[in-house]
Amino acid sequence: MSRLTAIMSGKGGVGKTTLTAALGITLARMGKKVLLLDGDLGLCNLDLILGVSDRVRFNMYDMALGKCFSDEVIVPVETNLDFMAGSSEYTWDTVFEGAVDTVLEDMDGQYDYILLDCPAGLGRGITYAETHANDAIIVQVPTRSSERDAHRLKKELSGKIPIWIIGNEFVWNDEQFLSPSDFVRSVDVRDLLGIVPRTVKAGTLSNQGKFGTNSDWGIFGEAMRIVAKNYVHFRFYPQSTWNKLIQQARTEGIPADSSVNKKKQQEKESLLARMVYKWGRRRW
Ligand SMILES: Nc1ncnc2c1ncn2[C@@H]1O[C@H](COP(=O)(O)OP(=O)(O)OP(=O)(O)O)[C@@H](O)[C@H]1O
Ligand SMILES: [Mg+2]
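Residues numbered from 1 in each chain as written. Chains lettered and ligands numbered in written order. Predicted model: local features only at pLDDT ≥ 70, side-chain atom pairs only at ≥ 80, totals over all residues. Heavy atoms only, no water.

As annotated in an unreviewed UniProt entry, the protein chain is Septum site-determining protein MinD from Allisonella histaminiformans.

Below is the structure:
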């Protein structure tokens, strides 16, 4: 039997798809056989982050409806790593779930791990994942809103499925965000797979779809190797390990427009828009 893991988050834009791709590639490079499934139906983009969009001809729902065979829908990404696209046409509200079941049944046993990239928040995609997956990974960034949304999701999943946590986009000594120790205090460390730093390299490789063609992921890659080991062996590395990586990540540079900064950026933009509007209406 394959271990089917759903990657979820309360809040959107926290790095689910990036971490699904990075974890999948890391596991494959450790010799595990992995399938990545894009379960963000309607808003699929795992193919972009994997850099395989031009090779996608069919998606998992086409297979579910019998429009193609599995070898036509499975895109080999690299040794040990396959990808199956989700449907952009159908959403979790319009698919027939029984048909999706048949795809999972067909894939079960062919891989060590199947990672399902889920939509953000709660909804039918999450209900489906919590009833079919063996476990779930919740991705959380160091903001209070992400913490609250993740907490809400944990409550929803609790008792139904084992939950793991990955902290993503952590930065050292930036008081506008939760520190790694605040974060560790707020979760059960036994559930923590890792605390991943925010780096320019991770942002660039994911946005350019170049994780697969690149083997030097810098500090982000080191963090992902530990996350992958924890995921496979159900172990936890001490906080000092993560602190060291997050500190080191500063030497690689921190992207300015990352998701943790998006909210601030949006606030700035809306303030600017309000000012422009006011000035526009002013009678001089
Ligand atoms: N550790 C990281 N360091 C730097 N940038 C990152 C990191 N993790 C994710 N990002 C960037 O954050 C952005 C959002 O990532 P991603 O699309 O993976 O989030 P998501 O949770 O899947 O979003 P959605 O909820 O819309 O599906 C991307 O631009 C990605 O490159
Ligand atoms: Mg995503």
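Let us keep going from here.
Asks: What's the story with the site of ligand 1 in this structure? I'm lost.
Replies: Ligand 1 sits among 20 residues. The nearest are Gly13, Lys16, Thr17, Thr18 and Ser206. Here an oxygen atom of ligand 1 sits 2.9 Å away from a polar atom, N or O, in the main chain of Gly13. For ligand 1, whose accessible area on its own is 640 Å², the fraction buried by protein is 85%. Secondary-structure elements contributing two or more residues to the shell around ligand 1 are α1 (16-29), β7 (163-170) and α9 (200-207). Here the element with the most residues in the shell around ligand 1 is α9; it accounts for 4 residues. Each residue belonging to the shell around ligand 1 can be placed in one class, and the counts come to 6 nonpolar, 10 polar and 4 charged. (Near = heavy atom within 4 Å. Polar contact = N/O pair within 3.5 Å; in protein donor to acceptor, adjacent residues only side chain to side chain. Areas by Shrake-Rupley, 256 points an atom, 1.4 Å probe, with all protein chains shown as cover. Helix = DSSP H or I, 4+ residues; strand = E, 2+ residues; numbered from the N terminus. Nonpolar A, V, L, I, M, F, W, Y, C, P; charged D, E, K, R; others polar.)

Asks: I keep staring at helix α5 (residues 97-107) and nothing clicks. Help me out?
Replies: Because an α-helix packs 3.6 residues into every turn, residues spaced three or four apart end up facing the same way. Along α5, the positions that sit buried rather than exposed are Ala99, Val100, Val103, Leu104 and Met107. Looking straight down α5, one finds that the buried residues subtend no more than 145° of arc, so they occupy a single side. Looking at the residues trailing α5, positive phi occurs at Gly109, about 95°. (Buried < 20%, exposed > 50% of the residue type's maximum accessible area, 1.4 Å probe, protein only. Arc of directions from axis to C-beta.)

Asks: Quick question: what am I supposed to make of the pattern of salt bridges here?
Replies: Where charged atoms from two side chains of opposite charge come close, those side chains can pair. A full pass over the atoms with the stated rule returns 9 salt bridges. As a salt-bridge pair, Lys201 and Asp216 come within 3.1 Å of each other at their nearest N and O atoms. Of the two residues, Lys201 sits in helix α9 while Asp216 sits in the loop between α9 and α10 (218-233), which places them 15 residues apart along the sequence. A relative accessible area of 46% means that Asp216 is categorised as partly exposed. Bridged by salt links that share partners, the residues Glu130, Glu156 and Lys160 form one connected network. (Salt bridge = Lys/Arg side-chain N within 4 Å of Asp/Glu carboxyl O.)

Asks: What exactly am I supposed to notice about the environment of Phe58 here?
Replies: Relative to the assigned elements, Phe58 resides in the loop between α2 (46-50) and α3 (60-64). Residue Phe58 is classed as partly exposed on the basis of its relative accessible area of 21%. Leaving out residues up to four positions away in the same chain, Phe58 has contacts with Lys67, Cys68, Glu72, Val73 and Ala85. (Contact = heavy atoms within 4.5 Å.)

Asks: What is the right way to look at the pairing of strand β8 (residues 192-197) in this model?
Replies: Most of β8 sits out of view: 6 of its 6 residues are buried. Across 4 bridges, the pairing between β7 and β8 is parallel. Bridge assignment links Gly167 to a residue of β8, and that residue is Ile195. Read as a crossover between parallel neighbours, the route from β7 over helix α8 (residues 180-186) to β8 is right-handed. (Pairing = 2+ DSSP bridges. Right-handed = clockwise from strand over helix to strand, strands pointing away.)

Asks: Any chance you could explain the sheet that holds strand β5 (residues 113-117) here in plain terms?
Replies: Across the sheet, 8 strands lie side by side as β3-β4-β2-β5-β1-β6-β7-β8; this open sheet has mixed pairing. Pairing within the sheet leaves two strands with one partner each, and these edge strands are β3 (74-78) and β8. Strand-to-strand twist of the sheet, defined as the mean angle between neighbouring strand axes without regard to direction, takes the value 20°. Where β3 lies against strand β4 (residues 81-84), 4 bridges are found, and the strand directions are antiparallel. By the bridge assignment for β4, Pro76 is matched with Asp82. Along the sheet, helix α6 (residues 124-132) makes contact with β1 (3-8) and β5, crossing β1 at roughly 150°. (Axes fitted to C-alpha atoms, helices over the stretch in contact; angles between N-to-C directions.)

Asks: So what exactly am I meant to see when it comes to the packing of aromatic side chains here?
Replies: Pairs of aromatic rings are described using the distance from one ring centre to the other and the angle between the two planes. Tallying each qualifying case throughout the model produces 8 aromatic pairs. Each ring, one from Trp164 and one from Phe234, has its centre 5.4 Å from the other, and the planes form 40°; the classification is tilted. Residue Trp164 is located in strand β7, and its partner Phe234 is located in the loop between α10 and α11 (239-249); the two are separated by 70 residues in the primary sequence. In textbook terms, an aromatic cluster arises when at least three aromatic residues are bridged by ring pairs, as seen for Phe211, Trp217 and Phe220. Over the aromatic face of Tyr231 sits the side chain of Arg3, whose NZ or CZ is 3.7 Å from the ring centroid. (Phe/Tyr/Trp six-rings, centres within 6.5 Å; stacked < 30°, edge-to-face > 60°. Lys NZ or Arg CZ within 6 Å of the ring centre and 35° of its normal.)

Asks: Help me out: how do you make sense of the packing of α1 against α10 in this one?
Replies: Across the interface, α1 lies against α10 with an axial gap of 9 Å and an inter-helix angle of 75°. Here α1 is positioned roughly perpendicular relative to α10, judged by the angle of their axes. Touching Thr18, Leu19, Ala22, Leu23, Thr26 and Leu27 of α1 are Phe220, Met224, Arg225, Val227, Ala228, Tyr231 and Val232, all from α10. Per-class residue counts for the contact of α1 with α10 are 10 nonpolar, 2 polar and 1 charged. (Parallel < 35°, antiparallel > 145°, perpendicular 65-115°, else oblique.)

Asks: It is not clear to me how helix α7 (residues 144-157) should be interpreted in this structure. Could you clarify?
Replies: Under the 1.5 Å per step criterion, the end-to-end length of α7 is 20 Å for 14 residues, consistent within 8% with the ideal 20 Å. Those residues of α7 lying buried are Ser146, Glu147, Ala150, Leu153, Lys154 and Leu157. Buried residues of α7 fall within an arc of 130° about the axis and therefore sit on the same side. α7 presents Arg144, Arg148 and Lys155 as exposed residues on the side facing more than 90 degrees away from its buried surface. With its phi angle positive at about 85°, Gly159 sits one or two positions after the end of α7. (Expected span 1.5 Å × (residues − 1).)

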